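Below, each chain spelled out in residue letters.
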Amino acid sequence: MAKFDGALADFDHALSLARDVDAPFTALLALTRATVGAKLFTFMTVDMQAGLASRSYTSHPTEYPVSGTKPIRYGDWFDQVHKRRQCFVANTLADIDKVFPDAELIGRLGCGSVINLPVVLADTLVGTVNMLHEERHYRPERVERARNLLSLPAKAAYLASERLRD
């Protein structure tokens, strides 16, 4: 098994120095790239009571800006990620296209696989970490690594960002 102490230590250090709302997510992006890989990375927050999702962080602000809200879309993806709190994984652009309306843009950015990792606090889904890379990048071992290694840091980044927002 690979050793990630350096990447986790770097995340911890960057999180301890965070002074603006983006810094915790920038640290999470660096950890994700070092351990699982991501060409495109976003963090979506959800407000289940209002039925709205919003992009809190993005690695590609031109293509995926942080602004506004969008209604939560209900369906199989919602049931898997929001209700069952399981990762959604697609490893081809064709599979992404079945779920996400922006598959064409995702493909233009050189991506063709995705992991959506749910972030749950106090038994409430607060957001998702969205990692995208080239087709077939997220094989089972990378998905397992994402689940095991990124869940706690994602919660820490979310909480730190919310604290800095206040």
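Up top you'll find the structure we're talking about.
The sections below set out a description of the structure shown in this document. All values reported here derive from a predicted model rather than from experimental measurement. (Residues numbered from 1 in each chain as written. Predicted model: local features only at pLDDT ≥ 70, side-chain atom pairs only at ≥ 80, totals over all residues. Heavy atoms only, no water.)

Focus: the sheet that holds strand β2 (residues 52–58)
The strands making up a sheet are joined through hydrogen bonds of the backbone, oriented either antiparallel or parallel. Using the following cut-off: DSSP bridges decide pairing: two strands pair if at least two such bridges lie between them. Labels follow the DSSP assignment, with helices taken as runs of H or I lasting at least four residues and strands as runs of E lasting at least two, numbered in each case from the N terminus. Residues are treated as being in contact if the distance between any of their heavy atoms lies within 4.5 Å. What counts as an axis is a line fitted to C-alpha atoms, over the stretch in contact for a helix, and the angles between N-to-C directions run from 0 to 180 degrees.
If you walk across this open sheet you meet the six strands as β3-β2-β1-β6-β5-β4, and the pairing is antiparallel. What marks the edges here is a single partner per strand, and that holds for β3 (70–71) and β4 (88–90). Sheet topology places strand β5 (residues 113–121) next to strand β6 (residues 124–133); nine bridges connect them, and they run antiparallel. Bridge pairing in β6 places valine 114 opposite leucine 132. Sheet contacts for helix α3 (residues 76–83): β1 (40–47), β4, β5 and β6; angle to β6, the most-contacted strand, approximately 115 degrees. The strands touched by helix α6 (residues 140–165) within the sheet are β1, β4, β5 and β6, with β5 carrying the most contacts at an inclination of about 45 degrees.

Things to note about the nonpolar core
Note the following rule: For the purposes of this section, nonpolar cores are sets of buried Ala, Val, Leu, Ile, Met, Phe, Trp, Tyr and Cys residues that join through side-chain atoms within 4.5 Å. Classification of residues uses two cut-offs on accessible area relative to the type maximum, computed with a 1.4 Å probe and protein chains only: under 20% is buried, over 50% is exposed, and between them is partly exposed.
Of all hydrophobic cores here, the largest spans 28 residues; its most connected members are Leu28, Phe43, Ile115, Val129, Met131 and Leu150. Broken down by secondary-structure element, the contributors of at least two residues to this core are α1 (5–17), α2 (23–35), β1, β5, β6 and α6. In terms of residue count, the dominant contributor to this core is α6 (seven residues). Setting aside residues up to four positions removed in sequence, leucine 150 forms contacts with Leu28, Leu31, Thr32, Thr35, Val36, Leu117, Met131 and Arg145. Formed by 14 residues, the second largest nonpolar core is a distinct cluster that contains Leu40, Tyr64, Leu105 and Ile106.

Things to note about the pairing of β6
Most of β6 sits inside the fold, with nine of its ten residues counted as buried. Inspection of the sheet shows β1 paired to β6 by six bridges, in the antiparallel sense. When the sheet's bridge partners are listed, threonine 45 is paired in β6 with glycine 127. Connecting the antiparallel pair β5 and β6 is a turn made up of two residues, with alanine 122 showing a positive phi of about 50 degrees.

Let's talk about the pairing of β2
Judged by how many residues are buried, β2 sits mostly within the fold: six of seven residues are covered. Between the antiparallel neighbours β1 and β2 lie four residues, among them glycine 51 with a positive phi of about 70 degrees. The pairing of β2 with β3 spans two bridges and is antiparallel. Within the sheet, the bridge partner assigned to alanine 53 lies in β3 and is lysine 70.

Describing α3
Along an α-helix, a turn takes 3.6 residues, which lines up residues three or four apart on a common side. Of the residues making up α3, those classed as buried are Trp77, Phe78, Gln80, Val81 and His82. Packed against the buried residues of α3 are β1, β4, β5 and β6. Downstream of α3 by one or two residues, arginine 85 has phi in the positive range, about 55 degrees.

Description of the side chain of histidine 133
Take histidine 133: it is sitting in strand β6. For histidine 133, the contacting residues outside a window of four places in its chain are Gly37, Ala38, Lys39, Gly110, Cys111, Gly112, Ser113 and Tyr138.

A word on the packing of α2 against α6
The following threshold applies: Just so you know how the angles are binned, under 35 degrees is roughly parallel, over 145 roughly antiparallel, 65 to 115 roughly perpendicular, and the rest oblique. By convention, the crossing between two helices is left-handed when the near helix turns anticlockwise from the far helix through less than a right angle, and right-handed when the turn is clockwise. For this scheme, ten residues count as nonpolar: Ala, Val, Leu, Ile, Met, Phe, Trp, Tyr, Cys and Pro. Four count as charged, namely Asp, Glu, Lys and Arg, and the remainder, Gly too, count as polar.
α6 packs onto α2 with a crossing angle of 170 degrees between their chain directions and a minimal axis gap of 8 Å. Comparing their axes, α6 and α2 come out roughly antiparallel. Crossing of α2 over α6 shows right-handed handedness. Facing α2, whose interface residues are Pro24, Phe25, Leu28, Leu31, Thr32 and Thr35, α6 presents Arg145, Leu149, Leu150, Pro153, Ala154, Ala157, Tyr158, Ala160, Ser161 and Leu164. Here the residues of the contact of α2 with α6 sort into twelve nonpolar, three polar and one charged.

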